[in-house]
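# Understanding the architecture of this molecule
Here are the chains, one letter per residue:
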Amino acid sequence: MERKIETKCIHEGWKPGRGESRQLPIYQSTTFKYDTSEEMGKLFDLEAEGYFYTRLQNPTNDAVAAKICALEGGVAAMLTSSGQAANFYAIFNLCSAGDHFIAASSIYGGTFNLFNVTMKRMGIDCTFIDQDLPEEELEKYFKPNTKAVFGETITNPTLSILDFEKFVRLAHSHGVPLIVDNTFATPINCRPFEWGADIVTHSTTKYMDGHGIGVGGCIVDSGNFDWMANAEKFPGLTTPDDSYHGLIYAERFGKGAYITKATAQLMRDLGSTQSPQNAFYLNNGLESLHLRMKRHCENALAVAQFLEKHEKVAWVNYPGLESNKYYALAKKYLPDGSCGVLSFGIKGGRDISIKFMDKLQLASIVTHVADSKTCLLHPASHTHRQLTDEQLKEAGIAPDLIRFSVGVENVDDIIADLQQAFEQI
Ligand SMILES: *Cc1c(COP(=O)(O)O)cnc(C)c1O
């Protein structure tokens, strides 16, 4: 019988043999020893499997990647130094200068900049689309050089829910994979591969780590996308790689082709490796992910319901509320809960919101979301402070929007903190 996801959080990844360390060891080493020069040569030609340099692979990192791979139900995975690196590699592994891809416009701001500015400078063009448009409208954005479609299960911070069935049909009918950033949902609440997505990325910095300790990322491949069937679109996977004596990834590595290429080529040349120490911390976080996500979701729903009833609150955005635009999609794709992040506005606008935030005692003001401690941020006066109210509206962020990340404290204390702050404004 296949084990349940809670058990996988604890037992997948590192599997010690007789007399070996029960806990995941930290292989704090840049290099790995071999007996003959020929053995080492085979590793460099990808003819043998093994570790040789931590920039490419490290046993601690691989054990943690294997755990996340098992949680998502994929066939291969790799860790990266950050979520940004994961999303960059996920696209750059498929797109070169002259190529195009499609991304939902309400994705995380850091990813938006990466796609809209930095990757454009590399000659890779991205069209941003409104993910709620009907399928026939979205069809129009595909071009002959389109190589991928990208979205987030739950967008940060606008909390839109991706309609997987629609996006899988769109991507596959154009012979390209659907890449999904599953950071906010985590595999506890949604497993995009079960809905047909092809590649999943994570900022492990958020719930997976869960304690605000280490920046990190991960890419997982479902192994389901047939690169050879769409060979002309993906020459990087289906034609010889000169930097490995003409090896063809899709032929040699089959379902492991995508991650092998990203490791052997992109990690080798760009080097956004996670440190084994951080991978160790991440593994600790993953062991309690199933417990924490449950509590984050219960607490966030209670806080959202409290805010919705409060007379000083102008609006609340949480997909778990029946009044929410995405309630039906959330029920379908995230039946056990969405995440612990919600947003709301206070009647009176920007200045009142700032005053309110300064009165909070338990919740702390930090540039972070999705960890065990309740925290919040006011984009208009922090991440987006250069923008006028008009520009904020264009970016889809209300001037009064408070992004509130509900932690795993006792929810009565979180609500009491909000209540006392409301009483002072
Ligand atoms: C934070 C975040 C990222 C970026 O991850 P870092 O680990 O900060 O580089 C990407 N996607 C989403 C959805 C995020 O929340």
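Residues numbered from 1 in each chain as written. Predicted model: local features only at pLDDT ≥ 70, side-chain atom pairs only at ≥ 80, totals over all residues. Heavy atoms only, no water.

### Considerations on the pairing of strand S12 (residues 402–405)
- Of the two faces of S12, both are covered, the one formed by Ile402 and Phe404 as well as the one formed by Arg403 and Ser405.
- The sheet contact formed by strand S9 (residues 341–346) and S12 spans 4 bridges and is antiparallel. By the bridge assignment, Ser343 is partnered in S12 with Arg403.
- Bridge count between strand S11 (residues 375–377) and S12: 3 bridges; the pairing is antiparallel. From the neighbouring strand, Leu377 faces S12, where its bridge partner is Arg403. (Buried < 20%, exposed > 50% of the residue type's maximum accessible area, 1.4 Å probe, protein only. Helix = DSSP H or I, 4+ residues; strand = E, 2+ residues; numbered from the N terminus. Pairing = 2+ DSSP bridges.)

### Some points on the confidence of the model for the chain
- A residue-level look at the chain finds 100% of positions with pLDDT of 70 or above and a mean pLDDT of 95.
- Summarising per-element confidence for the chain, the mean pLDDT is lowest in helix H16 (residues 389–394) (75) and highest in strand S7 (residues 217–221) (99). (pLDDT = per-residue confidence, 0-100.)

### Concerning the environment of Ser173
- For Ser173, the location among the structural elements is in helix H7 (residues 164–173).
- On the basis of relative accessibility, which here comes to 52%, the residue Ser173 falls in the exposed class.
- Taking the C-alpha atoms as reference, Ser173 lies 9.6 Å from Glu139; in sequence the two are 34 residues apart.
- There is a polar contact of 3.1 Å between the side chain of Ser173 and the backbone oxygen of Leu170. (Polar contact = N/O pair within 3.5 Å; in protein donor to acceptor, adjacent residues only side chain to side chain.)

### Examining helix H13 (residues 289–309)
- When the terminal C-alpha atoms of H13 are compared, their 30 Å separation across 21 residues agrees well with the 30 Å that a helix rising 1.5 Å per residue should span.
- Within H13 the residues assigned to the buried category are Leu289, His290, Arg292, Met293, His296, Cys297, Asn299, Ala300, Val303, Ala304, Phe306 and Leu307. (Expected span 1.5 Å × (residues − 1).)

### Some points on the site of the ligand
- Taken together, 16 residues form the shell around the ligand, and within it Gly83, Asp181, Ser203, Thr205 and Lys206 come nearest.
- Gly83 places a polar main-chain atom, nitrogen or oxygen, 2.9 Å from an oxygen atom of the ligand.
- At 2.6 Å, a side-chain N or O of Lys206 approaches an oxygen atom of the ligand.
- By residue class, the composition of the shell around the ligand is 3 nonpolar, 10 polar and 3 charged. (Near = heavy atom within 4 Å. Nonpolar A, V, L, I, M, F, W, Y, C, P; charged D, E, K, R; others polar.)

### Side note on the packing of aromatic side chains
- Enumeration over the complete set of coordinates arrives at 20 aromatic pairs.
- When the ring of Phe88 is compared with that of Phe92, the centres are 5.0 Å apart and the planes differ by 15 degrees; the resulting orientation is stacked. Of this pair, Phe88 and Phe92 both sit in helix H4 (residues 83–92), 4 residues apart, roughly one helical turn.
- Here Phe92 falls in the partly exposed class, since its relative accessible area comes to 24%.
- A ring pair is formed by Phe344 and Phe356, whose centres lie 6.1 Å apart and whose planes are at 85 degrees; its orientation type is edge-to-face. Within this pair, whereas Phe344 is found in strand S9, its partner Phe356 is found in helix H15 (residues 350–359), the two being separated by 12 residues in sequence. You'll find Phe344 and Phe356 in the same group, each marked buried.
- In textbook terms, an aromatic cluster arises when at least three aromatic residues are bridged by ring pairs, as seen for Phe306, Phe344, Phe356, Phe404 and Phe422.
- Lying across the ring of Tyr108, Lys206 places its NZ or CZ 5.0 Å from the centre. (Phe/Tyr/Trp six-rings, centres within 6.5 Å; stacked < 30°, edge-to-face > 60°. Lys NZ or Arg CZ within 6 Å of the ring centre and 35° of its normal.)

### Comments concerning the pattern of salt bridges
- Tallied over the full model, the rule gives 13 salt bridges.
- Ionic pairing is found between Lys147 and Asp99, a salt bridge with its closest N-O pair at 2.9 Å. With Lys147 in strand S4 (residues 146–152) and Asp99 in the loop between H4 and strand S2 (100–104), the pair connects residues that are 48 residues apart, well separated along the chain. Neither residue differs from the other here; Lys147 and Asp99 are each classed as buried.
- Here Lys140 makes a salt bridge to Glu137, at a shortest N to O gap of 3.2 Å.
- Assessed through its relative accessible area of 62%, Lys140 is described here as exposed. (Salt bridge = Lys/Arg side-chain N within 4 Å of Asp/Glu carboxyl O.)

### Observations regarding the sheet that holds strand S8 (residues 313–317)
- Here we have 5 strands laid out as an open sheet, ordered S8-S9-S12-S11-S10, and mixed in their pairing. Each edge of the sheet is formed by a strand with only one pairing partner; in this case those strands are S8 and strand S10 (364–365).
- Docked against the sheet, H13 engages S8, S9 and S12, running at close to 15 degrees with respect to S9.
- Of the strands in this sheet, S9, S10, S11 and S12 are in contact with H15, which crosses S9 at around 125 degrees. (Contact = heavy atoms within 4.5 Å. Axes fitted to C-alpha atoms, helices over the stretch in contact; angles between N-to-C directions.)

### Side note on the nonpolar core
- In this structure, Ile68, Phe101, Phe115 and Trp227 are the most contacted members of the largest nonpolar core, which totals 96 residues.
- Among the elements that make up this core, the one with the highest residue count is helix H11 (residues 257–270) (7 residues).
- Inspection of this core shows a minimum of three residues originating in each of domain 1 (7–284) and domain 2 (291–422).
- Ranked by size, the runner-up nonpolar core spans 27 residues in total, among them Cys297, Ala304, Phe404 and Ala421. (Core = buried A, V, L, I, M, F, W, Y, C linked by side-chain atoms within 4.5 Å. Domains from an automatic or database assignment.)

### Section: the sheet that holds S4
- Spatial ordering of the open sheet is given by S1-S7-S6-S5-S4-S2-S3, a layout of 7 strands whose pairing is mixed. Unpaired on one side and paired on the other, strand S1 (76–80) and strand S3 (125–129) mark the two borders of the sheet. Each strand axis lies, on average, 20 degrees off the axis of its neighbour in the sheet, ignoring direction.
- Pairing of strand S5 (residues 178–181) with strand S6 (residues 199–203) involves 3 bridges; the strand directions are parallel. The residue of S6 that forms the bridge with Ile179 is Ile199.
- Docked against the sheet, helix H3 (residues 59–72) engages S1, S6 and S7, running at close to 125 degrees with respect to S1.

### Concerning H3
- The end-to-end C-alpha distance of H3, which contains 14 residues, comes to 20 Å, matching closely the 20 Å that a straight helix rising 1.5 Å per residue would cover.
- When you tally the buried positions in H3, you get 12 out of 14 residues, the bulk of the element.
- What H3 keeps buried is the set Pro59, Thr60, Asn61, Ala63, Val64, Ala65, Lys67, Ile68, Cys69, Ala70, Leu71 and Glu72.
- In this fold, the buried residues of H3 make contact with helix H1 (5–11), S1, helix H8 (186–189), S6, S7 and helix H12 (276–287).

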